[in-house]
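Residue strings, one per chain:
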Amino acid sequence: MKYLLSICFAIATAASPVAQNILPALKVEKGKRYITGNDQKPFFWLGDTAWELFHRLTFEETRYYLRTRAKQGYNVIQAVALAEFDGLNQPNRNGDRPLINNDPAQPNEAYFQHVDKVIDDAASLGMYIGLLPTWGDKFSKKWGIGPEIFTPANARVYGEFLGKRYQGKNIIWILGGDRNPESDEHTAIINSMAAGITSVAGSSQLITYHPGGENYSSRFFHDADWLSLNSFQSGHARKNGRNYKMLRHDYQLTPVKPTFDSEPRYENHTINWKPEDGYFNDFDVRQAAYWSVLSGACGHTYGCHDIWQMFDISHNPPVTWARTHWKAALHLPGAVQMGYLRKLMESVSWWKLEPAQQLITNENPEDGGYQVAAMSSDKDFLLAYTPFGRTLQLDLTQLNTNKLQAWWFNPRDGTAFKINEPDNSSITGFKPYVQHPETDWILIVMDKNKNWTAPQISY
């Protein structure tokens, strides 16, 4: 019997996704602007906003979603335990509500067993869950359904429950949920929830805060001991919204902490919630991503209007003009192109990049074609982004190497091609082959001895 039990245990362990896929714990070293794993490898955050993942999808649908995103290169999935769309009273697809009597101190085991399965399945694919304990309407019902159920006392209890349940798991904690604290009570609730989580997990898991539109976690919690890294939400109100300015705001703060855009303009979202103004497209997605990353972000989160709400007309009405079934929206161009972003950044020592606008010597109006540049701290390579394909005039004398090689990288299809071997003794012009608004390019100039290899893209 002992032998039989041992065989059964071995089989169960081998079949367990978590047992076979222990992901490195993530951390931020003091004074660093990027995330590393406990394996010391820099971690480039590529997230997706799947807010309603636990609430609106079956487990089989969830598996399809996660496998698609993993194949596309995503490594963080941002999802909410107590979801926005009546997440307290409308059951998940298994028929379970998250809390008994809407009491944060009485979690429903059946509901959280489903959450467990999703988290473990993500781990098996090498992905972290950016877990929001609750959407913001559960403590600040400015809009939405609510109801407000949190106090500082029960927020602590709920945080302890989550911290204990997911200690050591592939979790990044994201507090807030599209809300800015507007009272001492709100701030106390967030601090208490963080205290509950860290009372169990300590500093072994990252914690950040997801603020409201066009706002910053740093505005409210930058000096909080529990805040590992900042995030900001550049939002959905503006075409050509200058999210690089928001990044620069956080970049200048002390103490130094990594920062990233956790909710930029969503692909397939109406511009400023007005269908007559059109929808954000894949260019808008790329522009926000490269503006932010080359201004010093530790990564980037993609968003799609149909995905965050898991739009499926057979189950739920569209919210604010959603128009594409979530399964089809998984394959929108911008979603795929964010994988190219990650591959490009991981093909270089991206964590060494520092904002370097001083490299750009040409006129650079702050319109949709605004160019951004970043250079390595060793001054042996640079990346520059030109959203409208305008010519870049770069001062290459700032690079500390005699032999250079240059490439254009096409962020629309992930291809790269050599262009020349520029001289680092002067200002040099780089003109893309196609110059047109929304035909964007990334210039790579590298020490020739580095033998840079373009990312390999599967089609």
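Definitions and cut-offs
- Residues numbered from 1 in each chain as written.
- Predicted model: local features only at pLDDT ≥ 70, side-chain atom pairs only at ≥ 80, totals over all residues.
- Heavy atoms only, no water.
- Helix = DSSP H or I, 4+ residues; strand = E, 2+ residues; numbered from the N terminus.
- Expected span 1.5 Å × (residues − 1).
- Buried < 20%, exposed > 50% of the residue type's maximum accessible area, 1.4 Å probe, protein only.
- Core = buried A, V, L, I, M, F, W, Y, C linked by side-chain atoms within 4.5 Å.
- Contact = heavy atoms within 4.5 Å.
- Pairing = 2+ DSSP bridges.
- Axes fitted to C-alpha atoms, helices over the stretch in contact; angles between N-to-C directions.
- Polar contact = N/O pair within 3.5 Å; in protein donor to acceptor, adjacent residues only side chain to side chain.
- Salt bridge = Lys/Arg side-chain N within 4 Å of Asp/Glu carboxyl O.
- Parallel < 35°, antiparallel > 145°, perpendicular 65-115°, else oblique.
- Left-handed = near helix turned anticlockwise from the far one by under 90°.
- Nonpolar A, V, L, I, M, F, W, Y, C, P; charged D, E, K, R; others polar.

Caption draft 1: Focus on helix H4 (residues 59-72). In this model H4 runs 20 Å from its N-terminal to its C-terminal C-alpha over 14 residues, within 8% of the 20 Å that 1.5 Å per residue would give. Regarding H4, the residues found buried are Phe-59, Glu-61, Thr-62, Tyr-65, Leu-66, Thr-68, Arg-69 and Gln-72. Looking one or two places after H4, you find Gly-73, whose phi comes out positive at around 110 degrees.

Caption draft 2: Structural view of the nonpolar core. Counting 86 residues, the largest nonpolar core has Tyr-65 and Trp-226 as its most contacted members. Setting aside chain neighbours within four positions, we find Tyr-65 in contact with Asp-48, Ala-50, Leu-53, Leu-57, Ile-77, Ile-307, Met-310, Trp-326 and Leu-330.

Caption draft 3: Representation of helix H6 (residues 152-165) in the model. With 14 residues, H6 ought to run about 20 Å at 1.5 Å a step, and its terminal C-alpha atoms sit 20 Å apart, in line with that. Taken together, the buried positions of H6 are occupied by Asn-154, Ala-155, Tyr-158, Gly-159, Leu-162 and Gly-163.

Caption draft 4: Spatial organisation of the sheet that holds strand E12 (residues 299-302). Sheet architecture is open: six strands sit in the order E8-E7-E6-E5-E4-E12, paired in parallel fashion. The outermost strands of the open sheet, each flanked by one partner alone, are strand E8 (207-210) and E12. Strand-to-strand twist of the sheet, defined as the mean angle between neighbouring strand axes without regard to direction, takes the value 30 degrees. As paired strands, strand E6 (residues 128-134) and strand E7 (residues 171-176) are joined by three bridges and run parallel to one another. Looking across to E7, one finds that Ile-129 is bridged to Ile-171.

Caption draft 5: Representation of the pairing of strand E19 (residues 427-430). Only one face of E19 is buried: it carries Thr-428 and Phe-430, and the other face, with Ile-427 and Gly-429, is open. Relative to E19, strand E16 (residues 392-395) is paired through four bridges, and the arrangement is antiparallel. Bridge pairing in E19 links Leu-392 to Phe-430.

Caption draft 6: The side chain of Thr-401, seen in detail. Counting through the fold element by element, Thr-401 comes out in the loop between E16 and strand E17 (404-410). A distance of 3.3 Å separates the side chain of Thr-401 from the side chain of Asp-447, its partner in a polar contact. Among residues more than four places away in sequence, those in contact with Thr-401 are Asn-424 and Asp-447.

Caption draft 7: Inspection of the pattern of salt bridges at higher detail. Under the definition given, this model contains 23 salt bridges. Of the charged contacts, one joins Lys-245 and Glu-366 as a salt bridge, the two residues approaching to 3.8 Å between their closest N and O atoms. With Lys-245 in helix H9 (residues 243-251) and Glu-366 in the loop between strand E13 (353-355) and strand E14 (372-376), this residue pair connects regions lying 121 residues apart in the sequence.

Caption draft 8: Spotlight on the packing of H9 against helix H10 (residues 282-293). Their axes nearest at 8 Å, the elements H9 and H10 cross at an angle of 25 degrees. Comparing their axes, H10 and H9 come out roughly parallel. Note on packing geometry: the crossing formed by H9 with H10 is right-handed. Residues Asn-243, Tyr-244 and Leu-247 of H9 lie in contact with H10, whose contacting residues are Ala-288, Trp-291 and Ser-292. Here the residues of the contact of H9 with H10 are counted per class, giving four nonpolar, two polar and no charged.

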